[in-house]
Structure formats: structure tokens, C-alpha cells
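For reference, the chains in residue letters:
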Amino acid sequence: MNNPFYDPYRVLSKIYGEGAHLKIALAETDTEEAFRSRTVRTVYGVLERDAYLSLCIRTFAPKSPKQSVRIVLKIALYWLIDLKKPKYMVTDTAVSLLKQLGKGGMAGFVNAFLRRFDETQVTLPAGDEGLAVKSNYPLFAVQKIKAEYGARAERILFAKSAGVTVRFERNEEKYLASPHRETPFEKVFCFENFTRDGGFFAGDYTFQSVGSVAIAETVEPCENFLDACAAPGGKSVLLAKKCKSVTACDLHAHRVELIRAYTERMRVSNVLPVQADSSVFRPEWESAFDGVLCDVPCSGSGTLSENPDIALRRPDFQSLSADQKNILANCSRYVKAGGALYYSTCSLLKEENDGIVGEFLKAHSEFECEETTSPLDHVKTKFGLQFLPDTAFGAGFYVSKMRRQK
């Protein structure tokens with residue numbers, strides 16, 4: 001058996017050191033299968049508590065240690081503080097890992113740090129900075145969310161993920177003995193824990209966020225539909241139930257292959273994966289689709305409970321805004337007269353949601369905002385629906401529906 005810190009260290013090194021995304025790093029790291037659930041729990045736990053663990057290190061380390069040592073310390077502190085493991089065991093495990101990694105010269109420092117560590121001596125900053133540390137949201141996001149949501153902001157910031165969301169095609173009764181919560185959507189449940197088995201590969205079920213399902217639910221049935229930013233393909237597969245054909249695009253070839261693999265696993269034959277840049281006009285698609293969905297790149301501020309690594313990267317709002325506007329404007333040209341255009345994000349922020357839609361509508365008089373609704377709790381905004389983490393199973397996202405006039 002490996003040192004129990006070894007696999008989490010390898011995954012976290014990719015995330016902190018190489019900027020890898022959490023789910024990709026987990027998928028691409030060959031971890032000890034018998035202890036994979038422990039590794040996943042540790043990786044998520046460290047990232048969910050990153051700001052606080054960093055504060056702990058600053059409190060007890062006069063000089064910031066190198067990144068490799070910081071990662072070992074964060075794993076150790078998570079095991080001490082959150083998992084309540086004995087200090088002697090955590091210390092011995094951390095020191096052994098450093099020696100295994102060829103960093104034995106830092107063993108004395110880590111040993112002394114952990115033996116000296118006392119959480120009662122860690123003091124949170126006041127005001128918004130303290131809120132950022134406790135919630136693990138970046139300070140800029142805390143300030144924006146407080147400005148937009150007022151008294152509700154703290155409930156949003158501290159909302160937790162509802163667990164693993166699973167959408168079933170069939171045989172769900174086999175799994176519902178496990179602890180779960182129902183959602184407003186047919187055959188979609190949130191489980192406390194869910195272990196993938198043969199049913200996944202047989203297409204009996206798939207893992208799909210509540211937000212993804214809710215956005216797909218707002219789409220009206222039609223003949224030809226374009227999912228303009230489709231990878232990994234969950235919404236496209238779900239939309240294939242209500243649309244005769246779905247063209248599913250992504251910019252990158254490897255992500256198009258994800259869509260293709262998803263459709264094959266779920267036994268769906270009316271989704272066409274296409275490599276395309278949705279911000280660049282394709283003349284053959286002009287006025288070709290009854291409906292178009294632009295689920296655009298965004299800050300991801302509504303998904304921190306599911307993707308805590310987002311907190312490590314400050315989004316470039318200027319670049320994101322340009323992409324959002326370009327994709328929406330370009331893809332609007334693909335909508336037939338009388339057809340529907342949908343704009344969605346996994347953001348909590350008005351500047352990425354109503355702000356983009358409002359600017360688009362001012363410049364495109366041929367489109368009008370159309371009211372839509374959802375069985376999932378939401379807030380109606382000027383141009384769409386805003387779902388918030390404290391009432392939407394831990395997720396925040398937005399959707400707007402527009403109609404091209406005949």
C-alpha cells in the first residue's frame with residue numbers, strides 16, 4: 001500500500017503546479033484503486049479548504065515553504081483538522097512522504113511545523129477577507145456576490161454540493177436504496193455517494209449536473225438544434241430526446257471525441273459531433289436551426305461547491321466577456337425566423353448573464369426576450385432565470401430564452 005498522502009499529493013501537484021483542472025487531474029492520475037475514494041475525498045477536501053489551510057501555513061511558517069512542501073502541509077492539515085486524525089500519525093505520514101519524494105531535507109521543518117500547530121491560534125481576518133477565507137471564494141467574488149445579492153450572499157457562499165447527481169435512462173430502482181435526494185426532474189437524483197458500475201458503461205445512467213439538466217429542460221422540442229458549446233455532451237444527449245437532430249460543437253478535437261464517446265455510451269444516434277469555433281461564422285449554417293444553445297465559457301462562479309479548483313484561478317472577465325458576446329452574436333445568425341436562441345452560463349454574476357443578454361438585445365432588434373420557467377427554484381431576472389446554490393442543490397447557473405421574429 002502506498003503512503004496515503006502519496007496519491008493526493010500527485011493529483012494536487014498537477015492542479016497547483018500545472019494548472020490542471022481537478023476532474024481531469026483525477027481522471028488522468030493512476031491512483032491506487034482500493035483507496036481511490038480516500039484520495040478523492042482528500043483532494044476535494046484540500047481544495048475546498050485551500051484559503052483556510054493557506055492561512056494556517058502562514059500563521060505557523062515564518063517563511064512560505066516551496067510549493068511541494070505546501071501541498072504536503074495542506075494534506076496533513078486537512079487530515080488533522082477535518083478528518084480528525086491523530087497528530088502523531090499525520091506527522092509521521094507527512095515526513096515519510098517527503099523522504100519518499102526525495103525531499104528528506106524538509107522533513108525536520110514539516111515535523112516541527114505539525115507538532116507546533118495549534119488551530120486555536122489561527123485568527124481569521126475581519127470583514128470580506130475573513131468571509132473569503134471561510135467560504136473559499138476569492139475575495140473579488142465575495143465582494144461581487146455581496147453587492148448583487150445582499151443579505152442572501154452568505155447563504156450562497158456557504159451552500160454545499162448536494163452530492164453526486166445521476167440521471168437515469170433505465171433501471172434506477174437498482175440504486176435508489178442508497179441515500180439520495182429527489183430533484184424536480186424525472187429520473188434525476190442526488191446521491192450522498194455513488195460508485196460507478198457496469199450500468200454506466202451500458203448507458204443505464206450518466207453523471208450530469210442539476211444545472212445541465214435544468215438548462216436542457218428550458219429548450220422547446222424542435223427539428224434541428226445546435227448545441228454550440230457542447231462538450232462533454234450531456235445536454236446534447238438529453239436534448240436528443242426532444243429534437244429530431246442535434247449538432248453538437250466544440251472548438252477542440254479531443255473534446256469533440258468526448259461528445260462522440262458520450263453519445264455512443266448512451267446509445268444516442270441523432271447527435272452529430274462537429275469540431276467548430278462557435279465565434280466564427282459558418283455560411284452553411286445561416287438560418288439553418290430551429291433552436292440554438294450557447295452555453296458559453298464563463299467564470300464558473302456558480303460551481304465552486306462542485307469544482308473547488310476554480311477558486312485558484314482569477315478569471316479574465318474582459319476576455320470572457322468578449323468570447324460570450326462573440327459566440328452569442330455569431331450563433332444568433334444560425335437561428336431560423338421564428339426559432340429560439342438560448343444563452344446560459346454557470347455564473348452567479350450579472351455581468352456574465354443579464355448584462356450580456358441585454359447588450360445583445362439592444363444590438364439585435366430581430367430578437368425578443370421570451371419568458372421561460374423551471375420546476376427548479378430560481379429567481380426571475382430581467383432577461384432570464386438565475387439559479388442560486390442555496391436553493392438549487394449547491395449549483396448556480398443562468399439561462400435566457402430569446403425568439404427570432406418572423
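Preceding this paragraph is the structure being described.
### Side note on the overall build of the protein
- When helices and strands are counted, the protein shows 16 helices and 13 strands.
- Computed over its C-alpha atoms, the radius of gyration of the protein comes to 23 Å, within 12% of the 22 Å expected for a compact globule of 406 residues.
- Oriented by its inertia axes, the alpha-carbon framework of the protein measures out at about 75 × 45 × 40 Å.
- When contacts within the protein are restricted to residue pairs at least 6 apart in sequence, those whose partners lie at least 24 apart make up 67%.
- In the protein, the 53 positive side-chain charges and the 50 negative ones have mean positions that sit 5 Å from each other.

### Here's the deal with the packing of aromatic side chains
- Enumeration according to the criterion identifies 27 aromatic pairs in this entry.
- Geometrically, the ring pair formed by Phe168 and Phe191 is edge-to-face, given 6.2 Å between the ring centres and 65° between the ring planes. Of this pair, Phe168 sits in strand β1 (residues 164-168) while Phe191 sits in strand β3 (residues 188-191); the two residues are 23 residues apart in sequence, bridging distant segments of the chain. Take Phe168 and Phe191: they sit in the same class, and that class is buried.
- Seen from their ring centres, Phe168 and Phe194 are 6.4 Å apart, and the 65° between their planes marks the pair as edge-to-face. Placement of Phe168 in strand β1 and of Phe194 in the loop between β3 and α11 (198-201) is noted, with a sequence separation of 26 residues between them.
- When its relative accessible area of 15% is taken as the criterion, Phe194 is described as buried.
- The positively charged end of Arg265 is found above the aromatic ring belonging to Phe200, 3.7 Å away from the centroid.
- If you follow Arg314 out to its NZ or CZ, it ends over the ring of Phe140, 4.2 Å from the centre.

### Focus: the side chain of Glu306
- Tracing the backbone through its elements, the reader meets Glu306 in the loop between β8 (289-295) and α15 (317-332).
- No salt bridge is formed by the buried Glu306; its nearest oppositely charged neighbour, Lys23, is found at 5.2 Å.

### Considerations on the sheet that holds β3
- Pairing is antiparallel in the open sheet, where four strands are placed in the order β2-β3-β1-β4. Pairing within the sheet leaves two strands with one partner each, and these edge strands are β2 (180-182) and β4 (205-207). When strand polarity is set aside, the average angle formed by the axes of neighbouring strands in this sheet is 30°.
- Here β2 runs beside β3; their pairing, made up of three bridges, is antiparallel.

### Description of the state of the cysteines
- Counted according to the given criterion, the structure contains zero disulfides.
- No disulfide involves Cys190; its sulfur sits 17 Å from that of Cys346, the nearest cysteine.
- Free of any disulfide, Cys222 has its nearest cysteine sulfur in Cys243, 3.6 Å distant.

The rules behind the values
- Residues numbered from 1 in each chain as written.
- Predicted model: local features only at pLDDT ≥ 70, side-chain atom pairs only at ≥ 80, totals over all residues.
- Heavy atoms only, no water.
- Helix = DSSP H or I, 4+ residues; strand = E, 2+ residues; numbered from the N terminus.
- Rg over C-alpha atoms; globule rule 2.2 N^0.38 Å.
- Contact = heavy atoms within 4.5 Å.
- Lys, Arg positive; Asp, Glu negative; His and termini not counted.
- Charge placed at Lys NZ, Arg CZ, Asp CG, Glu CD.
- Phe/Tyr/Trp six-rings, centres within 6.5 Å; stacked < 30°, edge-to-face > 60°.
- Buried < 20%, exposed > 50% of the residue type's maximum accessible area, 1.4 Å probe, protein only.
- Lys NZ or Arg CZ within 6 Å of the ring centre and 35° of its normal.
- Salt bridge = Lys/Arg side-chain N within 4 Å of Asp/Glu carboxyl O.
- Pairing = 2+ DSSP bridges.
- Axes fitted to C-alpha atoms, helices over the stretch in contact; angles between N-to-C directions.
- Disulfide = S-S within 2.5 Å.

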